[in-house]
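The primary structure of each chain is shown beneath.
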Amino acid sequence: MNVQKIMVIGAGQMGSGIAQVCAMAGYDVTLHDLKPEFVERGLGTINKNLSRQVEKGRMSEDDKLSIVNRISSSTELSNAGGVDLVIEAAVENMNIKKKIFEQLDEITPAHTILATNTSSLPITEIAAVTKRPEQVIGMHFMNPVPVMKLVEIIRGLATTDEVYNTIEEITRKLEKVPVEVNDFPGFVSNRILMPMINEAIYTVYEGVASPEAIDEVMKLGMNHPMGPLTLADFIGLDTCLYIMETLHEGFGDDKYRPCPLLRKYVKAGWLGRKTGRGFYSYE
């Protein structure tokens, strides 16, 4: 399947990163979001990232301009009418994703592959709202997208080999490493990572140690590049909570029960870096 035009839905941290690597790989990219200011912010992030590469001598100014020129903006979903692949990177909420995929199913050409960057939600359930479940697939990028090499590729129940192979090939063209994963809650990455973060939060909650001490133990003792609580703040505590709830509901096992302290922080609006406060202060 020949993919030339890609739409990325959601111009936030993940979506802008996905749009950047797609444009760097030579694809024509449409970056879509609900409001022009959201798209502009995403384009600003891409521009800043590329300028840093120019300053470090890893890219010429001409290369940067050609990458930026391959990205167009959109606030109308009807702009998906001429694309070969859509990568949805909207908020991690099943109802919102289903609504987007229902609309995309009506708007996009019959050959278009519909991919989701969900970090935990069932691909099969998202695919079920479309008339093309065989062309729906998970493409879970890691954050920050331009730096991290892994992409989990998740087959839904109906995803065809042709669609899987096309997405695997595109992932390699983006200079990422594809790993095939089956459709279970949290896939591989978050099924392992989130319970570890949740346990680190329990360790604070139970007064075993301070956030700083816990992060030091995991960095210096386990060779993690970043402590679990720093990482939780970076991901967003609301996202961590949502994924833990998805795991808890999906498996029905209390080992995935979100820590009460995580719930309390989210209710307080302490969501980590993006709000200036989580387990650490970023004011």
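Residues numbered from 1 in each chain as written. Predicted model: local features only at pLDDT ≥ 70, side-chain atom pairs only at ≥ 80, totals over all residues. Heavy atoms only, no water.

### Quick word on the environment of P225
Structurally, P225 is set in the loop between α8 (211-222) and α9 (228-235). Exposure remark for P225: the relative accessible area of 83% places this residue in the exposed category. Separated by 10 residues in sequence, P225 and D215 have C-alpha atoms that sit 9.9 Å apart. (Helix = DSSP H or I, 4+ residues; strand = E, 2+ residues; numbered from the N terminus. Buried < 20%, exposed > 50% of the residue type's maximum accessible area, 1.4 Å probe, protein only.)

### A look at the UniProt feature "domain: 3-hydroxyacyl-CoA dehydrogenase C-terminal" (unreviewed entry) in the protein chain
UniProt feature "domain: 3-hydroxyacyl-CoA dehydrogenase C-terminal" (unreviewed entry): in the numbering of this structure it lies at residues 186-282. Along residues 186-282 the backbone is 63% helical and 0% strand, and the end-to-end C-alpha distance reaches 28 Å. (UniProt positions renumbered as here; feature names shortened; annotations may be inferred.)

### Observations concerning the packing of helix α7 (residues 189-205) against helix α11 (residues 260-268)
At a minimum axis distance of 8 Å, the contact between α7 and α11 shows a crossing angle of 90 degrees. It follows that α7 is roughly perpendicular to α11 by the angle criterion. Facing α7, whose interface residues are N198, I201, Y202, V204 and Y205, α11 presents P260, L261 and L262. (Axes fitted to C-alpha atoms, helices over the stretch in contact; angles between N-to-C directions. Parallel < 35°, antiparallel > 145°, perpendicular 65-115°, else oblique. Contact = heavy atoms within 4.5 Å.)

### Observations regarding the packing of α7 against α8
Working note: a packed helix pair is described by the angle between its axes plus the distance between those axes. At their nearest, the axes of α7 and α8 sit 9 Å apart, and the two run at 140 degrees to each other. With respect to α8, the axis of α7 lies oblique. The handedness of the crossing between α7 and α8 comes out as right-handed. Counting all contacts with α7, which are made through M196, A200, T203 and V204, the residues of α8 involved are P211, I214 and M218. (Left-handed = near helix turned anticlockwise from the far one by under 90°.)

### Considering the pairing of strand β6 (residues 136-141)
The element β6 is extensively covered by neighbouring structure, given that 6 of its 6 residues are classed as buried. Along β6, one buried face is formed by V136, G138 and H140 and the opposite face, lined by I137, M139 and F141, is buried too. Judged from the 3 bridges that link them, strand β5 (residues 113-116) and β6 form a sheet pairing that is parallel. Pairing of L114 across the sheet is with V136, part of β6. As judged from the 5 bridges shared by β6 and strand β7 (residues 150-155), these two strands associate in the antiparallel manner. Opposite H140, over in β7, you have E152 as the bridge partner. (Pairing = 2+ DSSP bridges.)

### Overview of the packing of aromatic side chains
Counted according to the given criterion, the structure contains 4 aromatic pairs. When the centroid spacing of 5.1 Å and the interplanar angle of 65 degrees are considered together, the rings of Y265 and W270 count as edge-to-face. The buried category is assigned to Y265, whose relative accessible area is 15%. What makes W270 partly exposed here is its relative accessible area of 27%. (Phe/Tyr/Trp six-rings, centres within 6.5 Å; stacked < 30°, edge-to-face > 60°.)

### Focus on the UniProt feature "domain: 3-hydroxyacyl-CoA dehydrogenase NAD binding" (unreviewed entry) in the protein chain
Those places that UniProt annotates as "domain: 3-hydroxyacyl-CoA dehydrogenase NAD binding" (unreviewed entry) correspond, in this numbering, to residues 5-183. Secondary structure content for residues 5-183 is 41% helix and 22% strand, while the C-alpha to C-alpha distance between its ends is 27 Å.

### Things to note about the side chain of S16
By secondary structure assignment, the location of S16 is in helix α1 (residues 13-24). Looking at S16, the relative accessible area reads 4%, which means it is buried. Within the structure, the side chain of S16 is placed 2.8 Å from the backbone oxygen of G12, a separation counted as a polar contact. Among residues more than four places away in sequence, those in contact with S16 are G10, A11, G42, T45 and I46. (Polar contact = N/O pair within 3.5 Å; in protein donor to acceptor, adjacent residues only side chain to side chain.)

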